[in-house]
Amino acid sequence: MESNTSKTSSLQALLLRAWRERWTDLQWGINIKTILPRGVSGDVYNLADCILQQAVVGSGANQLALSYLKHSLSVQLVSHAAVLQHISQYSQLQKTHCVYSLLEFLEGVFPGITYCGKAEETALATALLSIASWLLQVLLNCYSTPQLLEKANSLIKTLLQSEFYIAMMCLSRYSESELFCDVTKKCEEVEACLADKEEILESVRLLKKLDVASLPLPPKSDNGPGCLVQAWMAIQLVQQPGSPTQVLVRQLRLIQRLKGYTDARLYSELMRASLLSLQNVSQTPHESQWGAFAFLKVPHVIAAMVDKANCLPVVSAIELLLQHAPLIDTMDARCSCSCLECLLGELEKARLLTDIQVEMFIQRRDVPKSIKLDTAPATTGIPKVIICAEPTLTGIVKTLSTDYHQEALLGMLHQVLTGKSFELILAVATVEGQLRTLATRLIRFNECSKMGGDKAKAQLFDISFLMLVSIVQNYGAETVLEPGGDSTLEQWVRECMVEVNRPKPPEQLLRLSDPIFVDSLLQQFNVGESDFKSPVKWQEVLFNMAGVMKEVLVAWEQGALAPADVKRILDAVRGRMCCLPVAAAAWLCAYMRTAPQDTILKPVNMVQQLLSPPIAEDDSLRERWQLSCEIIRKMQRDLQLPLQAKSVGNMVFRQPATEQLHNAWLKAISRGWLDHNSGRNMQCLLEMAGARWMVAAIVQELLQLRDRDELERGVDLALAIFQLDIEACARDLLSHVLPQQLHNSLQSDTLIEPQLSALARLASYVTYSACDLSVKSEEVVPPPAKFPRLLESSGSDSITVPLRHLLTALEGTVQDGQITQQTYFAFQLLFYLVDVRSNSTPLILAAIPPALIADLLRTLPELFNSPLLLHLHDVSTQSGRTNMAKDLCMLRNYQLRKNVYTS
């Protein structure tokens with residue numbers, strides 16, 4: 001301490017001598033070195049404070065002393081932080097000449113302010129915010145002096161025009177909260193005191209709202225329609241056709257953040273994508289599902305996203321949709337009605353459009369005279385049929401919810417099975433979130449009818465059973481059935497139903513049979529009797545059909561029964577109750593799954609016989625028979641016999657998996673959208689080959705593209721496909737595929753621009769998609785509170801940990817001055833990670849090693865800017881602020897050196 005005091009006294013004496021002898025800047029610089037030890041900053045001995053005190057000791061500033069201070073700054077004897085901090089402490093504002101000289105001094109040093117020392121760079125951030133506070137005080141105390149007012153405001157504007165200064169002051173806002181509160185208070189005082197000075201008020205308002213958002217990243221450009229929403233929708237309907245509205249809204253909001261869409265563009269893309277997908281499946285079994293999504297679900301989703309106080313984005317979205325006139329024309333021609341009018345009507349029902357706006361859009365629509373189609377147009381427009389099916393579903397659910405009249409209910413269910421009515425009802429129930437409700441109601445009536453009785457009761461059991469099995473087959477038991485249910489239908493599904501990914505051994509079905517009951521059934525069927533004379537429990541008949549089929553098959557194989565006998569028995573089985581052939585086929589299919597190949601011909605023939613048309617001329621029986629045939633045929637497809645081509649998820653593959661993916665990929669890239677069959681194909685390939693294979697194959701396909709537009713389309717398409725299992729795909733991409741691509745010298749030819757940037761963008765999109773899903777899952781299902789702390793693990797760790805490992809590995813490849821493919825990829829990945837703002841952004845950015853940012857900044861400084869660094873670091877933590885200050889000053893020094901060289 002004594003040494004410092006002695007040095008300070010020596011500096012003061014030298015300063016007085018310099019002033020008396022009128023030393024030049026050069027003389028001052030030479031003589032000061034006789035006192036300051038080599039390599040020691042004058043900040044240690046308060047050199048800046050000593051000079052400033054000498055400069056403002058009189059009524060006017062000592063310009064010679066200020067020139068010494070400026071020279072000391074230029075040769076780095078003192079730091080800018082120390083100078084600014086001491087100026088901000090000057091409180092004699094009544095000495096206007098001194099104040100003006102200090103303002104002029106600041107005006108001269110502002111262009112070169114930086115920090116070159118090894119101390120904490122956060123000191124400069126604090127000094128900059130302190131000088132802003134002092135300038136506000138000048139405005140408050142010297143507002144009667146126009147020159148001071150103008151000069152102080154000019155300096156505040158200079159601070160707010162520099163990205164570096166704004167970033168540093170943002171940093172100080174979080175590290176020096178009391179100082180920023182003081183700044184805010186002074187801003188409010190200036191607003192009250194100088195209410196008529198609009199130019200000053202504009203600067204003060206900006207200073208008052210200083211935050212990370214003050215330096216936004218460049219906005220994403222709206223490049224018009226893309227393929228991400230459509231491809232995502234195609235995958236969504238293949239994977240989870242009954243997704244709740246809020247789940248879809250959450251995923252669409254993520255897409256909006258990834259792509260930078262406005263609300264109007266997002267709604268327009270959603271409507272365009274649904275119409276595009278619907279025209280692709282026109283006159284196919286999937287038309288009802290897509291029609292219900294396009295005309296019922298989409299308006300509900302938009303209504304859930306829109307602020308009802310401002311529906312202008314919906315109007316703008318329709319304006320954008322009208323730009324796709326060829327698509328709307330084609331849909332109108334295929335559906336034989338105005339699709340736009342139907343869609344507008346549903347939006348009006350949701351109170352997103354007024355009747356005047358609907359009428360305006362209808363009048364603006366230019367209807368073409370005629371369009372020639374490859375296929376004949378539908379006789380009835382699917383939009384109108386779907387819209388009419390919505391109240392029908394409501395009526396059915398309401399009827400099933402009350403005590404019923406047996407004959408009336410049976411007539412209603414038979415009517416539902418007529419034509420495409422059942423398909424339409426299920427499609428509407430799916431998008432309305434009523435599928436489980438419908439299934440629950442049907443189970444109730446199925447249970448009430450399982451005890452034998454009159455013909456109507458048997459038919460009610462039969463038709464409700466078939467409808468429920470069909471629903472479970474198409475949508476999955478976990479989607480429509482309550483867990484742990486003990487109804488007849490739920491027990492049969494668990495124990496007997498053929499499911500593609502849940503094989504059941506035939507012995508399991510036989511354990512549910514009663515030998516005595518099996519014998520009585522065999523006696524009845526053997527004489528060709530289809531009618532059950534005495535009251536019967538239908539659940540017992542169903543569970544004993546496995547035993548009946550086994551006995552018939554064994555007898556046939558051993559020669560005890562002739563083919564004619566087998567036919568007579570099977571004709572009796574399918575004579576009146578269509579649920580019995582389904583139960584019989586379930587055991588036969590389970591048996592064929594494990595039977596030797598040379599023994600399956602007879603059970604195959606038995607299944608085919610069960611598919612024969614009914615003999616009785618009964619309309620109600622014919623409709624039930626058609627539904628039972630659909631169920632049994634799906635069982636056959638799920639069976640995957642050795643004689644059949646390889647089938648996964650009802651898709652038959654006659655080509656290698658790589659070739660299948662390549663063909664579907666090229667088709668989607670060339671069209672700009674993903675068709676329904678390709679979406680199902682992708683799901684089957686994922687189930688068959690796994691996530692790692694699919695990710696690697698798609699990355700290879702992406703890197704083969706050359707055009708930038710195609711690459712952007714490819715990134716969107718890849719992200720949509722990965723939604724089939726986004727967490728597994730994200731883990732494999734970060735942990736295996738990217739490291740292999742980046743560190744395999746044999747693949748270096750493919751790692752060039754613009755492919756590298758596309759790959760980095762895909763990695764960012766996939767990371768955010770998987771992390772957002774994990775974060776939302778944690779919000780819905782909180783972890784048990786009693787788990788030990790060491791076992792607590794965030795679901796997002798499965799994504800952020802591989803990301804951190806990848807970035808740490810990239811850090812080891814970055815070398816000063818050497819720009820490699822890995823270096824450039826690392827920067828692009830950081831850029832795209834920081835370019836997205838979502839709830840999981842802090843978790844993801846926390847995985848970036850600070851050393852990687854610093855290494856990249858030294859290697860590729862021309863690619864960085866202050867907004868990027870401000871958003872890369874976490875300003876809410878001390879370590880984040882420290883690292884950000886260092887990086888900002890490093891970038892600032894590079895930019896200042898560059899300006900010197902260029903000038």
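Keep in mind it's a predicted model, so treat the numbers as computed, not measured.

Considering the packing of helix α12 (residues 228-239) against helix α15 (residues 287-305)
Where α12 contacts α15, the axes come no closer than 12 Å and their chain directions differ by 125 degrees. Taken as axis vectors, α12 and α15 run oblique relative to one another. Classified by chirality, the crossing of α15 by α12 is right-handed. For the pair formed by α12 and α15, the contact residues are Met233, Ala234 and Leu237 on the first element and Gln289, Trp290 and Phe293 on the second.

Let's talk about the nonpolar core
By size, the foremost hydrophobic cluster in this structure holds 330 residues, and its most contacted members are Trp134 and Trp492. Excluding residues within four positions of it along the chain, tryptophan 492 makes contact with Phe465, Val469, Met497, Phe543, Val582, Ala583, Ala586 and Met635.

As for the pattern of salt bridges
Applying the stated rule across the entire model yields 35 salt bridges. Taking the shortest distance from any N to any O, the salt bridge between lysine 151 and glutamate 107 comes out at 3.0 Å. Of this pair, lysine 151 sits in helix α8 (residues 146-161) while glutamate 107 sits in helix α6 (residues 96-109), placing them 44 residues apart in sequence. Classification of glutamate 107 as partly exposed rests on a relative accessible area of 38%. Among the salt bridges present, the one from glutamate 478 reaches arginine 502, with a minimum N-O distance of 3.5 Å. Placement of the pair is glutamate 478 in helix α25 (residues 477-480) and arginine 502 in the loop between α26 (488-495) and α27 (506-510), with a sequence separation of 24 residues. Judged by relative accessible area, arginine 502 falls into the partly exposed class, the value being 46%.

Things to note about helix α17 (residues 325-335)
Because the α-helix completes a turn every 3.6 residues, residues three or four places apart line up on one side. Buried within α17 are the following residues: Leu327, Ile328, Asp329, Met331, Asp332, Arg334 and Cys335. Contacts from the buried residues of α17 go to α14 (263-280), α16 (312-321), α18 (339-349) and α20 (382-400). A positive backbone phi angle near 60 degrees is found at serine 336, which sits one or two residues after α17.

Considerations on the state of the cysteines
Under the criterion given, the structure shown has zero disulfides. Left unpaired, cysteine 142 is separated from the closest cysteine sulfur, that of cysteine 193, by 11 Å. Here cysteine 142 falls in the buried class, since its relative accessible area comes to 2%. Not part of a disulfide, cysteine 170 finds its nearest cysteine sulfur in cysteine 187, a span of 13 Å.

Description of the environment of isoleucine 356
Mapped onto the elements of the fold, isoleucine 356 is located in helix α19 (residues 355-364). You can call isoleucine 356 exposed: its relative accessible area is 66%. Residues isoleucine 356 and leucine 409 lie 53 residues apart in sequence; the distance between their C-alpha atoms is 42 Å.

Details of the domain arrangement of the protein chain
Taken domain by domain, the protein chain holds domain 1 (3-209), domain 2 (227-379), domain 3 (384-496), domain 4 (506-637) and domain 5 (690-774 + 797-874). Each of domain 3 and domain 4 was reduced to a C-alpha centroid, and the two centroids are 23 Å apart. Across the contact, 26 residues belong to domain 3 and 26 residues belong to domain 4. Summing both sides of the interface, domain 3 and domain 4 together bury roughly 2,300 Å²; the carbon and sulfur share of this comes to 68%. Its largest share of buried area at the contact with domain 4, domain 3 owes to Leu466, Gln473 and Trp492, together 25% of the area lost on that side. Where domain 3 meets domain 4, there are one salt bridge. Where arginine 624 meets aspartate 462, a salt bridge forms, and the shortest distance between an N and an O atom there is 2.5 Å. Contributions of two or more residues to the side of domain 3 that touches domain 4 are made by α21 (406-417), α24 (455-475) and α26. Counting residues per element, the side of domain 3 that touches domain 4 draws most heavily on α24, which supplies eleven residues.

Focus: a negative patch on the surface
Residues Glu341, Glu348, Asp355 and Glu359 make up a contiguous surface patch of negative charge. In this structure, glutamate 348 sits in helix α18.

Let's talk about the packing of aromatic side chains
Aromatic ring pairs: the centre-centre distance and the angle between the two ring planes describe each pair. Summed over the entire model, instances satisfying the criterion amount to 13 aromatic pairs. Pairing phenylalanine 110 with tyrosine 165 gives two aromatic rings, centres 5.8 Å apart and planes at 50 degrees, and the pair type is tilted. With phenylalanine 110 in the loop between α6 and α7 (122-141) and tyrosine 165 in helix α9 (residues 163-175), this residue pair connects regions lying 55 residues apart in the sequence. We classify tyrosine 165 as buried; its relative accessible area is 2%. Note on phenylalanine 461 and tryptophan 538: the rings are 6.4 Å apart at their centroids and 20 degrees apart in plane angle, and the pair reads as stacked. Taken as a pair, phenylalanine 461 in helix α24 and tryptophan 538 in helix α29 (residues 538-557) lie far apart in primary sequence, 77 residues in all. The pair phenylalanine 461 / tryptophan 538 is uniform in exposure class, with both members buried. Residue placement shows arginine 22 over the ring face of tryptophan 19; its charged tip is 4.9 Å from the ring centre.

Quick word on the packing of α18 against α20
The interhelical angle for the contact between α18 and α20, taken along N-to-C directions, is 30 degrees, at an axis separation of 9 Å. Between α18 and α20, the angle falls in the class roughly parallel. Facing Cys339, Cys342, Glu346 and Lys349 of α18, the residues of α20 in contact are Pro383, Lys384, Ile387 and Glu390. Per-class residue counts for the contact of α18 with α20 are four nonpolar, no polar and four charged.

Basis of the calculations
Residues numbered from 1 in each chain as written. Predicted model: local features only at pLDDT ≥ 70, side-chain atom pairs only at ≥ 80, totals over all residues. Heavy atoms only, no water. Axes fitted to C-alpha atoms, helices over the stretch in contact; angles between N-to-C directions. Helix = DSSP H or I, 4+ residues; strand = E, 2+ residues; numbered from the N terminus. Parallel < 35°, antiparallel > 145°, perpendicular 65-115°, else oblique. Left-handed = near helix turned anticlockwise from the far one by under 90°. Contact = heavy atoms within 4.5 Å. Core = buried A, V, L, I, M, F, W, Y, C linked by side-chain atoms within 4.5 Å. Buried < 20%, exposed > 50% of the residue type's maximum accessible area, 1.4 Å probe, protein only. Salt bridge = Lys/Arg side-chain N within 4 Å of Asp/Glu carboxyl O. Disulfide = S-S within 2.5 Å. Domains from an automatic or database assignment. Buried area = accessible area lost by both parts, 1.4 Å probe. Patch = residues over 30% accessible without salt bridge, like charges linked within 9 Å, V, L, I, M, F, W, Y side chains within 5 Å. Areas by Shrake-Rupley, 256 points an atom, 1.4 Å probe, with all protein chains shown as cover. Lys, Arg positive; Asp, Glu negative; His and termini not counted. Charge placed at Lys NZ, Arg CZ, Asp CG, Glu CD. Phe/Tyr/Trp six-rings, centres within 6.5 Å; stacked < 30°, edge-to-face > 60°. Lys NZ or Arg CZ within 6 Å of the ring centre and 35° of its normal. Nonpolar A, V, L, I, M, F, W, Y, C, P; charged D, E, K, R; others polar.

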